[in-house]
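Structural description and commentary
Chain by chain, the residues run as shown.
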Protein chains: 2
Amino acid sequence: MSKPLKIVQYKYYLKESSKDGIISFVGSNPSSKASFFYRAFIDQSLRNIMKRRFEECFSYSNTQGSNHLRQAISGLFIDNIRVSADSILITNGSQQAISLIAQTLIRPNDNVLVDHTSYLGIEKPLKDSRARIQSFPKPLHELSYSGIEKVIKYVQPKILYVIPDFANPTGQSLTGELRTFLAEFAERYRFFLVEDRSYSCLAYPYNPLLPSLLSLSSDTLSIGSISKCIAPGLRIGWIASAQINNINKLVLQKETVDLGSSMLVQEISASILEELRKSPKLMDTIKAFYQRRMELLLSSLEKYMPEDFSWTIPHGGFFVWVNGPKSLDSRSFFQRALLNGVGFTPGCLFYYKKPQNNTFRLSISDVPDTDIEEGVKRLAKAASEELSQIHHSS
Amino acid sequence: MSKPLKIVQYKYYLKESSKDGIISFVGSNPSSKASFFYRAFIDQSLRNIMKRRFEECFSYSNTQGSNHLRQAISGLFIDNIRVSADSILITNGSQQAISLIAQTLIRPNDNVLVDHTSYLGIEKPLKDSRARIQSFPKPLHELSYSGIEKVIKYVQPKILYVIPDFANPTGQSLTGELRTFLAEFAERYRFFLVEDRSYSCLAYPYNPLLPSLLSLSSDTLSIGSISKCIAPGLRIGWIASAQINNINKLVLQKETVDLGSSMLVQEISASILEELRKSPKLMDTIKAFYQRRMELLLSSLEKYMPEDFSWTIPHGGFFVWVNGPKSLDSRSFFQRALLNGVGFTPGCLFYYKKPQNNTFRLSISDVPDTDIEEGVKRLAKAASEELSQIHHSS
């Protein structure tokens, strides 16, 4: 029997952690509170649409997506511009972007290379296209450039998929130098760099973003989304590429799977992005909203966690990655944590080869500020219990 | 070299016919005027959402779709109820429904059987899943039941795909008796009946619908959409099935490709459907709007077309299917029609085996009332010219 899909396993942890009284660091949905920051913009945008663009918004979109929206995206989100609105395809969130890329670029048995850990939602679309998912034997930032090159030469990937900023699940970012090397490798070894920038819009204030891979290599397909920084309920993401022939193939595939995204949500999204351009401080408010939660999490971990635990220090996004002592199995630790009233996602869900079972992910996206310290206290108590039990049995 | 995709060929005809001065019977988009009938409902719905359901509408939907919307659909569109809201998956229009069904049910080299002519948009999703598309050698209603059974036994389809009401491209409907036979065959020969009811909501007033295949066989997957009768810009369709295990598989696939549809458009759509339930006459207004265009087309064809042309008499939807004399090739006839200021879709685009090139499709969906008679005059003039030229050269 084959192993259950990661997404199915994840739902188990999500469900168990959503029970009454549990403080859950599992879910990675943006806080529903964040959309309230946009409420006035959305209100205004809906009024404009009903007055001026009614007919357009309730008709089919062209398959590539509303010009309006593509222009707003190219202005706001695509840094170091190599691409114009013509080089952007609108998708239903980043998940559809991944799915369309898999359907368009992958032939059976092609290798897709990912970091040591990666987003669990790529598993099913890649398997549907009969890709083989390969991963680096260590986190990219722990490997030498020649070590990375060796893996690339051995695997001969069709695609290298990375989350350059505040990655899911580790919260870490690729260094600028590493980005330059990856871009060079993509050109030298003829593979597509697929960068998933879903979290890039959530760089905490005063933490400028490093250049996108799109700005470094024309072999890049760059995935973006407004789900994390504006609202996931709009289902708006995109793929940008400097190579128009890639976009054209993806447009045909988008037509195959749903003809095009909803014109109404595209126009609402365009209108929100236009307002954002006029009020750039609003974006900082949202980033600061998450930064506060992250700081609460990090200071609580520092204060309460037992020795032998270490964690990443992210500068944006939602995730902290925790390493426990080698003897810890985060799947059984999860059960003890639940009994203590706290939930997290065991690390094994994010590995595509041999998992390190002593790891787990904490997400601050949907935990109220007031619950964070208490959640970590419970986690620390559960950790002490678990370690003394392991010690006792060994 | 392989033939260009039907959708690519179609775009050529669509584009040529959209040039200045051409009256186009090509496009099958619903008239943008139709959404104005809903304007007050949409306005009300947006106000309600901003007031009462803001948080919900801008968050992720559950993957299967908003309960609200699924309940509204099961109440309004699923006749002879065999299925509840639990048996419905929300999709981004009927195109995504077809794509998800192909991805979920088809294994490479499975046969998919379609009527003598069928919707051209099924080609690419089915080919992506490596299905073989087979078609009946004549229109279903021209075959005996034993003739139909013989084809089914020979082809051993995994899926039989039909458009039971006001079909694309012929405008014709399956008789009640034929539906019963197809349902029996599905159970006897173990295939899935996929019925595409995209046009079923457009039965002209006083033309009651025949039972859906969903109401006749539990082996049916029933596709529906609000694109044709409400607004395509919302991108809301669905799949209904009495067998929950089918729906569960499709939900997993929906999660794979885009996580779920936009909650905002789902809630707007639910709200429109609820209003529609309270004002059923509005639906009749829309049906009558298209019926008037259809009657204008049919009476003009009667009045102007040369002998040797015959056509279908639809009782709903957008399409009329025209048969010319055997010697006519509707692809070259298209060029002459363009010179006369009128466009249509050559019939060959709708065949999956040997095409009958003397056929073509006329769509009334987006032709203003005032253009229809003039359009047919031009078509008739072009037809006379084309026939005399054929006569002359032979």
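Check the entry above for the structure.
In short, a report on the structure. (Residues numbered from 1 in each chain as written. Chains lettered and ligands numbered in written order. Predicted model: local features only at pLDDT ≥ 70, side-chain atom pairs only at ≥ 80, totals over all residues. Heavy atoms only, no water.)

As a further point, take the overall build of chain A. Helix and strand counts for chain A come out as 13 helices and 13 strands. Computed over the C-alpha atoms, the radius of gyration of chain A is 21 Å, within 12% of the 21 Å expected from 2.2 N^0.38 for a compact globule of 394 residues. Each of the three principal axes of chain A carries a C-alpha extent, and together these read 70 × 50 × 40 Å. Residues classed as buried in chain A amount to 64% of the 394 residues present. Taken as a whole, chain A presents about 15,500 Å² of accessible surface, with 51% of it coming from carbon and sulfur. (Helix = DSSP H or I, 4+ residues; strand = E, 2+ residues; numbered from the N terminus. Rg over C-alpha atoms; globule rule 2.2 N^0.38 Å. Buried < 20%, exposed > 50% of the residue type's maximum accessible area, 1.4 Å probe, protein only. Areas by Shrake-Rupley, 256 points an atom, 1.4 Å probe, with all protein chains shown as cover.)

Here the focus is the interface of chain B and chain A. Counting residues at the interface gives 51 residues for chain B and 51 residues for chain A. The three residues of chain B that bury the most area against chain A are Met50(B), Phe58(B) and Tyr60(B), which together make up 16% of that side's buried surface. On the surface where chain B and chain A come into contact, there are two salt bridges. Glu255(B) is the partner of Lys11(A) in a salt bridge, and the nearest nitrogen-oxygen pair spans 2.6 Å. There are 26 residue pairs in polar contact (both at pLDDT 80 or more) connecting chain B and chain A. When contributions to the side of chain B that touches chain A are tallied by element, the ones reaching two or more residues are helix H1 (6–17), helix H2 (39–52), helix H3 (54–57), helix H5 (93–105), helix H6 (123–128), helix H9 (244–258) and helix H10 (263–278) of chain B. Split by residue class, the side of chain B that touches chain A holds 23 nonpolar, 16 polar and twelve charged. (Contact = heavy atoms within 4.5 Å. Buried area = accessible area lost by both parts, 1.4 Å probe. Salt bridge = Lys/Arg side-chain N within 4 Å of Asp/Glu carboxyl O. Polar contact = N/O pair within 3.5 Å; in protein donor to acceptor, adjacent residues only side chain to side chain. Nonpolar A, V, L, I, M, F, W, Y, C, P; charged D, E, K, R; others polar.)

A word on the environment of Thr175(A). Residues and elements named next belong to chain A. Its location among the elements puts Thr175 in the loop between strand E5 (159–162) and helix H8 (176–189). The residues contacting Thr175, other than those within four sequence positions of it, are Tyr145 and Leu210. Polar contacts involving the side chain of Thr175 include one to the main-chain amide nitrogen of Leu178, which spans 3.1 Å.

Residue and element names in this part refer to chain A. With respect to topology, seven strands assemble into an open sheet ordered E2-E8-E7-E6-E5-E3-E4, the strand pairing being mixed. At either end of the open sheet lies a strand with only one pairing partner, and these are strand E2 (88–91) and strand E4 (132–135). Put simply, the sheet's adjacent strands are angled 20° from each other on average, direction ignored. On the sheet, helix H5 (residues 93–105) packs against E2, E5, strand E6 (192–196), strand E7 (220–225) and strand E8 (237–241) and is oriented at approximately 155° with respect to E7. (Pairing = 2+ DSSP bridges. Axes fitted to C-alpha atoms, helices over the stretch in contact; angles between N-to-C directions.)

Another point: helix H7 (residues 145–155) of chain B. Residue and element names in this part refer to chain B. When H7 is considered as a whole, its buried residues turn out to be Ile148, Glu149, Val151, Ile152 and Val155. Down the axis, H7 shows its buried residues gathered within 160° of arc, on one side only. Residues of H7 that are exposed and point over 90 degrees away from its buried face: Ser146, Lys150, Lys153 and Tyr154. Elements in contact with the buried residues of H7: strand E3 (111–114), strand E4 (132–135) and helix H8 (176–189). After H7 finishes, the residue Gln156 shows a positive phi value of roughly 50°. (Arc of directions from axis to C-beta.)

Now for the sheet that holds strand E12 (residues 345–346) of chain B. Residue and element names in this part refer to chain B. The strand order E9-E10-E13-E12 describes an open sheet built from four strands, whose pairing is antiparallel. The open sheet has two edge strands with one neighbour each: strand E9 (310–311) and E12. Where E9 meets strand E10 (residues 319–323), two bridges bridge the pair, whose relative direction is antiparallel. If you follow Trp311 over to E10, its bridge partner there is Val322.

Residue and element names in this part refer to chain A. Where helix H7 (residues 145–155) contacts H8, the two axes come as close as 11 Å, and the packing angle between them is 30°. For the element pair H7 / H8, the angle class is roughly parallel. Where H7 crosses over H8, the handedness of that crossing is right-handed. Contacts between H7 and H8 involve Tyr145, Ile148, Glu149, Ile152 and Lys153 from the former and Glu177, Leu178, Phe181, Leu182, Phe185, Arg188 and Tyr189 from the latter. Taken together, the residues of the contact of H7 with H8 break down into eight nonpolar, no polar and four charged. (Parallel < 35°, antiparallel > 145°, perpendicular 65-115°, else oblique. Left-handed = near helix turned anticlockwise from the far one by under 90°.)

Our next topic: the relation of the copies chain B and chain A. When chain B is fitted onto chain A, the two copies agree to an RMSD of 0.0 Å after a turn of 180° and an axial shift of 0.0 Å. Each copy turns onto its partner about a two-fold axis. Interface overlap between copies is the fraction of interface residues in one copy that are interface residues in the other; for chain B against chain A it reaches 100%, indicating a shared surface. (Least-squares fit on C-alpha atoms with pLDDT ≥ 70 in both.)

For the rest of this paragraph, the subject is the pattern of salt bridges. Residues and elements named next belong to chain A. In the structure shown here, the tally under the stated rule is 42 salt bridges over all chains. A salt bridge links Asp165 to Arg179; the nearest nitrogen and oxygen atoms lie 2.8 Å apart. One end of the pair, Asp165, is in the loop between E5 and H8; the other, Arg179, is in helix H8, with 14 residues separating them in the sequence. On the basis of relative accessible area, Arg179 is assigned to the buried category, the value being 0%. In this structure, the salt-bridge partner of Arg336 is Glu385, at a minimum N-O distance of 3.5 Å. Remark: Glu385 occurs in helix H13 (residues 369–393) and Arg336 occurs in helix H12 (residues 330–339); sequence separation between them is 49 residues. A relative accessible area of 28% places Glu385 in the partly exposed class. Connected through shared salt-bridge partners, Arg336, Lys381, Glu385 and Glu386 make up one network.

For the rest of this paragraph, the subject is the environment of Ser135(A). Residues and elements named next belong to chain A. With respect to the secondary-structure elements, Ser135 resides in strand E4. A relative accessible area of 13% places Ser135 in the buried class. Each C-alpha atom, one on Ser135 and one on Ile49, is 46 Å from the other, the two residues being 86 residues apart in sequence. Other than its neighbours up to four places away in sequence, Ser135 contacts Leu113, Val114, Asp115, His116, Tyr352 and Lys353.

Next up on the list: the side chain of Ser365(B). Residue and element names in this part refer to chain B. In this structure, Ser365 sits in the loop between strand E13 (359–363) and helix H13 (369–393). Of the residues examined, Ser365 reaches a relative accessible area of 0% and is grouped as buried. A polar atom in the side chain of Ser365 sits 2.6 Å from the backbone oxygen of Asn29. Polar side-chain contacts of Ser365 include one of 3.3 Å to the side chain of Ser363.

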